[in-house]
Amino acid sequence: MSAEQWLILVSGIVGGALRVGVPFLFVSLGECLTEKGGRINLGLEGVLVLSAMAAFGASYLSGSPWVGVLAAAAVGALLATLHGLLCALPRVNDIATGIALMLLGMGLAFYLGKPLIQPQAAQLPAIPLGFWSDAPAVRSALQLNPLLPLGVLLALAMAWGFTHTRAGLLVRLAGDSAHAARALGYSVPGIRLAATAAGGCIAGLGGASLTLFYPGSWNEGISSGQGLIAVALVIFARWNPLRCVGAALLFGGAGAIGPALQSVGIGWGYHLFNTLPYALTLLILVLSCRPGQIVPGSPTELSSNR
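Residues numbered from 1 in each chain as written. Predicted model: local features only at pLDDT ≥ 70, side-chain atom pairs only at ≥ 80, totals over all residues. Heavy atoms only, no water.

A. Geometry of a nonpolar patch on the surface. Judged by side-chain polarity, Leu82, Leu86, Leu89, Leu104, Leu108, Tyr111 and Leu112 come together as a nonpolar surface patch covering roughly 620 Å² of accessible area. Take the nonpolar patch: its biggest share by element is 4 residues, from helix 4 (residues 94–112). Residue Leu108 is classed as partly exposed on the basis of its relative accessible area, which comes to 34%. (Patch = residues over 30% accessible without salt bridge, like charges linked within 9 Å, V, L, I, M, F, W, Y side chains within 5 Å. Areas by Shrake-Rupley, 256 points an atom, 1.4 Å probe, with all protein chains shown as cover. Salt bridge = Lys/Arg side-chain N within 4 Å of Asp/Glu carboxyl O. Helix = DSSP H or I, 4+ residues; strand = E, 2+ residues; numbered from the N terminus. Buried < 20%, exposed > 50% of the residue type's maximum accessible area, 1.4 Å probe, protein only.)

B. Highlighting the nonpolar core. Residues Phe24, Leu29, Leu33, Val69, Met158 and Ala208 are the most contacted members of the largest nonpolar core, which totals 50 residues. Breaking this core down by element, the ones donating at least two residues are helix 1 (3–36), helix 3 (65–87), helix 6 (147–164), helix 7 (166–176), helix 8 (178–183), helix 9 (188–212), helix 10 (226–236) and helix 11 (241–263). At 9 residues, the largest contribution of residues to this core is made by helix 1. Aside from chain neighbours lying at most four places away, what touches Leu33 is Met158, Phe162, Val171, Ala195, Ala198, Gly199 and Ile202. In terms of nonpolar packing, the next biggest core, distinct from the first, is built from 19 residues, Ala203, Leu210, Ile222 and Ala230 among them. (Core = buried A, V, L, I, M, F, W, Y, C linked by side-chain atoms within 4.5 Å. Contact = heavy atoms within 4.5 Å.)

C. Molecular detail of helix 7. Of all the residues in helix 7, the buried ones are Gly168, Leu170, Val171, Ala174 and Gly175. Viewed along the axis of helix 7, the buried residues span an arc of 160°, placing them on a single side of the element. (Arc of directions from axis to C-beta.)

D. Layout of the pattern of salt bridges. Considering all chains together, one arrives at 3 salt bridges under this definition. Notably, a salt bridge pairs Arg192 with Glu301, separated by 3.5 Å at the nearest N-O pair. Taken as a pair, Arg192 in helix 9 and Glu301 in helix 14 (residues 300–304) lie far apart in primary sequence, 109 residues in all. When sorted by exposure, Arg192 lands in the same class as Glu301, which is buried.

E. Spotlight on the environment of Val47. Here Val47 is to be found in helix 2 (residues 44–62). Take Val47: its relative accessible area is 1%, and that puts it in the buried class. Spatially, the C-alpha atoms of Val47 and Cys32 are 15 Å apart, while their sequence positions differ by 15 residues. Beyond its immediate sequence surroundings of up to four residues, Val47 is in contact with Gly76, Leu79, Ala80, Gly200, Ala203 and Gly204.

F. Expanded view of the environment of Leu261. With respect to the element layout, Leu261 can be found in helix 11. In this structure Leu261 comes out as buried when scored by relative accessible area, which is 12%. With 54 residues separating them along the chain, Leu261 and Gly207 place their C-alpha atoms 26 Å apart.

G. Here's a closer look at the packing of helix 3 against helix 9. Two elements in contact, helix 3 and helix 9, have axes separated by 6 Å at closest approach and are oriented at 145°. The two elements helix 3 and helix 9 cross, and the hand of that crossing is right-handed. Residue-level inspection shows Pro65, Gly68, Val69, Ala72, Ala73, Gly76, Ala77, Ala80, Thr81, His83, Gly84 and Leu85 of helix 3 in contact with helix 9, the latter providing Leu193, Thr196, Ala197, Gly200, Cys201, Gly204, Leu205, Ala208 and Leu212. Here the contact of helix 3 with helix 9 is built from residues that sort into 13 nonpolar, 8 polar and no charged. (Axes fitted to C-alpha atoms, helices over the stretch in contact; angles between N-to-C directions. Left-handed = near helix turned anticlockwise from the far one by under 90°. Nonpolar A, V, L, I, M, F, W, Y, C, P; charged D, E, K, R; others polar.)

Right, dumping it as structure tokens:
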């Protein structure tokens, strides 16, 4: 390949990582917050799809993509709150409830989103990072999602909050030792409900990114399992919000290799490269989750309350 083709290829992978990685980032941050409180929410796949539909619908009806972003966050918080309320009931399993709510969220999105498949909604304005290049392909590839800086700021705020704020320490306490939290007079179900709702709100921003930036449309297969992949991504990041940023960009870059190769005329193995995020997920789970072994950094209550 020529130097220009290499530049286009690298720009495509980097730009793709920044675009594709944004939903991974928000969903993984939401799951990180939820699991830090001692609860697993597999329903974030449903949150992602339903919030994506809500964002597109609100943007289409209002003409403002930022109204769509707010709608996505609100819908994500509502569905996650339902998960938190159900899991607070006696003898209710987090994982089974999460799967049920995942199906509920996806079913609602598919049913309510039928009229939104054809229309076009107002999109989030891109931040151009390729202004330094004269190549149209490079300029097109390096279009930054305006929600990405928000995601990075959220990761920084969460990392700082877990160690320097009362609320963050209480979330960690509920996730590491529910008995200690109760002994100090705190409501563990209340802390976990708040963490789950906030996690769903954050994950909802990932849904807004899907329909209001990339790919920028609404269809029933828009998430491609990114909400479920986020659970493995959190394990890979060792429940560290800052590592979630790097892990999300890694997964996003893996998903961008196929389109980047196609942009320089290399079509072989396109579908094979598209499976890289899923292959990475399986590899992470195989290497990290072994019987009788606790993953370093995992909240203690995740293994004791399932």
